[in-house]
Protein chains: 4
Amino acid sequence: MSAPITAGELDAAGAALAAESARFAGLGWMRGTSGNLSVTLRTDPLRLAVTTSGRDKGELTPQDVVVVDAAGAAVPDQPRPGRRPSAEAGLHARVAARAGAGAVVHVHVIAPVLAAARWPGGIVLRDLEMLKGLGRSAHDDEVTVPVVPNGQDMTWLGDRFDEVFDPATPALVVAGHGVYVWGDDLAQARHRTECLEWLTSFALAADQHTS
Amino acid sequence: MSAPITAGELDAAGAALAAESARFAGLGWMRGTSGNLSVTLRTDPLRLAVTTSGRDKGELTPQDVVVVDAAGAAVPDQPRPGRRPSAEAGLHARVAARAGAGAVVHVHVIAPVLAAARWPGGIVLRDLEMLKGLGRSAHDDEVTVPVVPNGQDMTWLGDRFDEVFDPATPALVVAGHGVYVWGDDLAQARHRTECLEWLTSFALAADQHTS
Amino acid sequence: MSAPITAGELDAAGAALAAESARFAGLGWMRGTSGNLSVTLRTDPLRLAVTTSGRDKGELTPQDVVVVDAAGAAVPDQPRPGRRPSAEAGLHARVAARAGAGAVVHVHVIAPVLAAARWPGGIVLRDLEMLKGLGRSAHDDEVTVPVVPNGQDMTWLGDRFDEVFDPATPALVVAGHGVYVWGDDLAQARHRTECLEWLTSFALAADQHTS
Amino acid sequence: MSAPITAGELDAAGAALAAESARFAGLGWMRGTSGNLSVTLRTDPLRLAVTTSGRDKGELTPQDVVVVDAAGAAVPDQPRPGRRPSAEAGLHARVAARAGAGAVVHVHVIAPVLAAARWPGGIVLRDLEMLKGLGRSAHDDEVTVPVVPNGQDMTWLGDRFDEVFDPATPALVVAGHGVYVWGDDLAQARHRTECLEWLTSFALAADQHTS
């Protein structure tokens, strides 16, 4: 059994999540109050700090964070109980557990969602230097970013994720919805999200220019 | 009969409207001196605080606000009489009265206007998570954002709005012009405007990619 | 004969031009060191304050300004002689003289130049509210933004401008190059430039979506 | 034999490189941790200050710089040894040596890479004022921006660069990857990068509108 999560630890996670959320909001990838970010605080049992639901993601404070368990439910034993996690916290937890991620980004960036509409069976990428940003190779490698249908039941959606999960590809596109991208920490998850946006923007535009 | 509007109350509304206008201007959605924003101050009789006409919307001050009645006309009994409301204040008032809105946003964001040119009978959206940002469902729901022709007579335009108004859809596109989006307060109206922009950008691009 | 231009007067013009240039540079409309802005200081004889050549337009200071005459040549009798005006100052002066403009904006904003490539005989716009931002009507009005071929001889280019000049349309597109937009002052010239960008972006996208 | 590189000299180069990197990152041209910038410190033997590998390019400090030789390898005799240069430093050095450049910019800006996918034999540009920003003429001049295939071996890639190098064209596009652009100093290299982005964006869009 791991040590309890302290207020200072949660504040630090909240500050990092608020800063990253503001950065994504500035990019226009968290329109409305969409999207949420998480970091893994404990792995046994799993505990994530996830941004709270329904707030403008450009205006979060370090207090706009809640601790959830492996099912995405708020745990009672936390420094600031009573805040409501996003329903999507359940998928964050599934991703963190399965991929061993230290941070998960869920944003409504538009290019990957358009690419998923264009290629609903998975977005195939190859021969692009930016693939290195996803931990893959720029040559002689074919990367398929998996696409799953949208859903509101996180257990069902987590099962879809499990079916398509590939340890070598740190991203998932939910059709008509947005992306989940993960990494060892928030910086890596953000860098990978930026690379996925570049890659899918490129793939869509190249498809237009050559068709 | 409701209480008179105080200078402090109008200043607070003006500060909120100026801050929101600057944010929209930063997004490029209030080019030139276009667009205007309002908040509802009283409902019986109806009184709105609306941004003044002809100013750069990125440079408004809390004083650039005027109180209008249900016809969009400046009322004589206000803390700073003499400022000229936009002609479009009349449609703000119609929207606020009919929809019971606390805030109305009118901006010249380009994607919904392009979508209205593409689908002049109404912009049909379905199976998109961002629809939740408009208060609708991401699944098994078909949302038609109504489109009305442009006009300079706000009574005529208000009648067109009345014909297409659906309480479940907090947005109206005026063809060749811009959007009206509303909500309980400025934050909700802004979030819905952002979601409408995302949804119409997505619909246009998806239509291009698949046609 | 008008009064000499004082250092204070030129400093004020330089500060306004630097601030506006930085704003346009932030929009990405003055890439490289492209573009230049001017204000009219005297009309008899004509004297313009124009930004100096070859500087990053996001980093101008109030000193990066030079006084030119009706031919766009630096005048000897000025507070800070010796700075080199852009060759394009000659066209600024032609526009200011013919249109009676208080300010002229020349920027390499891409949408109008693309529209000129699409419609080299002139960009026809109608039934768009944003036309009011150019001083025209949103209805029952057809606005043709004139297009002239590019050239390096400002006398020749000024003659082309003279041939297409319409007092009702405060804008000119130079094919493969950029735009000149004017108004009573820098704010109006900027607002009109923003509206022209919106209008031409709209026209191009609408043409794509319906063709 | 030239004088040793002092800590003060390297700090100054690092500060300039960090500031330019942050500017490019703000434009979205250094997504993930992609890209790198260099300045030439000595020519005999060749010494470049190049940004270090694997950092967020919007968050570099003046210390995130390393001195490399003509092969792109870190030299032992430098103020802060031990930092790892990007593998791409090898191509920076090849470009600096061959072109006599004072600064080289390598960024993953998307438009030139898309243009290279559209025109893999070289991107032909003509009759565009922005060509002056590359040191060419706006008229009666045909500029071919060379395209080389991507590769991870900088010696091989440098040989490809040697094959296509034209002293009159200060830019190279690496297919599926990004651009190298150079100039006398960082400001000129940046201005040319901005112009290349404008030119390739224009060429792609014009090709779409007319095809």
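In the annotation of an unreviewed UniProt entry, the entry for chain A reads Methylthioribulose-1-phosphate dehydratase, and the organism field reads Saccharopolyspora gregorii. The Sequence similarities (unreviewed entry) comment attached to chain A in UniProt states, word for word, "Belongs to the aldolase class II family. MtnB subfamily." Per UniProt, chain A has the following entry under Catalytic activity (unreviewed entry): "5-(methylsulfanyl)-D-ribulose 1-phosphate = 5-methylsulfanyl-2,3-dioxopentyl phosphate + H2O".

I'm lost on the UniProt feature "binding site: Zn(2+)" (unreviewed entry) in chain A in this one. Help?
Residue and element names in this part refer to chain A. Within this structure's numbering, the places UniProt gives as "binding site: Zn(2+)" (unreviewed entry) are His106 and His108. Here histidine 106 lies in strand S4 (residues 103-107). A relative accessible area of 0% means that histidine 106 is categorised as buried. Here histidine 106 is in contact with Met30, Gly35, Asn36, Leu37, Glu88, His92, His177, Gly178, Val179 and Tyr180, once residues within four sequence places are set aside. Checked against the element boundaries, histidine 108 lands in the loop between S4 and helix H3 (110-118).

What am I meant to see in the interface of chain D and chain A here?
Quoted interface sizes are often the accessible area lost when the parts come together. At the interface, 20 residues of chain D touch 22 residues of chain A. Buried area between chain D and chain A, both sides added, is near 1800 Å², and the carbon and sulfur share of it is 59%. Connecting chain D to chain A are three salt bridges. A salt bridge links glutamate 59 of chain D to arginine 23 of chain A, with the nearest nitrogen and oxygen atoms 2.4 Å apart. Residue assignment for the side of chain D that touches chain A shows that the elements contributing at least two residues are helix H3 (110-118) and helix H5 (186-210) of chain D. Partitioned by chemical class, the residues of the side of chain D that touches chain A number five nonpolar, 10 polar and five charged.

What exactly am I supposed to notice about the relation of the copies chain B and chain A here?
Two copies of one chain are present, and they are related through a rotation about an axis combined with an axial shift. Placing chain B over chain A gives an RMSD of 0.0 Å and needs a rotation angle of 90 degrees, together with 0.0 Å of translation along the axis. The relationship between the two copies is best expressed as a four-fold rotation axis. Identified as the residue of chain B closest to the rotation axis by C-alpha distance is glutamine 208 of chain B, at 6.2 Å. Little of the interface of chain B is mirrored in chain A: 5% of its interface residues are interface residues there too.

For this particular structure, what's the right way to read the pairing of strand S2 (residues 46-51) of chain C?
Regular strands place their side chains on alternate faces of the sheet. Residues and elements named next belong to chain C. Taking burial as the measure, the six residues of S2 include six buried ones, the bulk of the element. What you see with S2 is no split at all: Leu46, Leu48 and Val50 on one side and Arg47, Ala49 and Thr51 on the other are buried throughout. As paired elements, strand S1 (residues 36-43) and S2 share five bridges and run antiparallel to each other. The partner of threonine 40 across the bridge, within S2, is leucine 48. Adjacent in sequence and paired antiparallel, S1 and S2 are bridged by two residues. Where S2 and strand S3 (residues 65-68) come together, four bridges link them in antiparallel fashion. Each bridged residue has a counterpart across the sheet, and for alanine 49 the counterpart in S3 is valine 67.

So, how was this worked out
- Chains are numbered independently. Their residues run from 1 in the order of the written sequence.
- Chain letters start at A and ligand numbers start at 1, both assigned in the order the entries are written.
- Local features in this predicted model are restricted to residues of pLDDT 70 or higher, and side-chain atom pairs are both shown and tallied only at a pLDDT of 80 or more, whereas totals for entire chains, interfaces and linings draw on every residue.
- Think of the side-chain values as coming from all heavy atoms in the structure, minus any hydrogens and water.
- UniProt positions are given in the numbering used here, feature names are shortened, and annotations may be inferred rather than shown by experiment.
- Runs of E in the DSSP output that reach at least two residues are strands. Runs of H or I that reach at least four are helices, and both are numbered from the N terminus.
- A 1.4 Å probe rolled over the protein chains alone gives each residue an accessible area, and that area as a share of the maximum for its type sets the label: buried under 20%, exposed over 50%, partly exposed in between.
- Any two residues whose heavy atoms approach within 4.5 Å are treated as being in contact.
- For any pair of parts, buried area is found by adding up, for both, the accessible area (1.4 Å probe) each one loses once the two are put together.
- When a carboxyl oxygen of Asp or Glu is within 4 Å of a side-chain nitrogen of Lys or Arg, the pair counts as a salt bridge.
- Side-chain classes follow a simple rule in which Ala, Val, Leu, Ile, Met, Phe, Trp, Tyr, Cys and Pro form the nonpolar group, Asp, Glu, Lys and Arg form the charged group, and the remainder, Gly included, forms the polar group.
- The atoms used to superpose the copies are C-alpha atoms, taken from residues with pLDDT of at least 70 in both, and the fit is least squares.
- Criterion used throughout: strands pair if DSSP finds at least two bridges between them.

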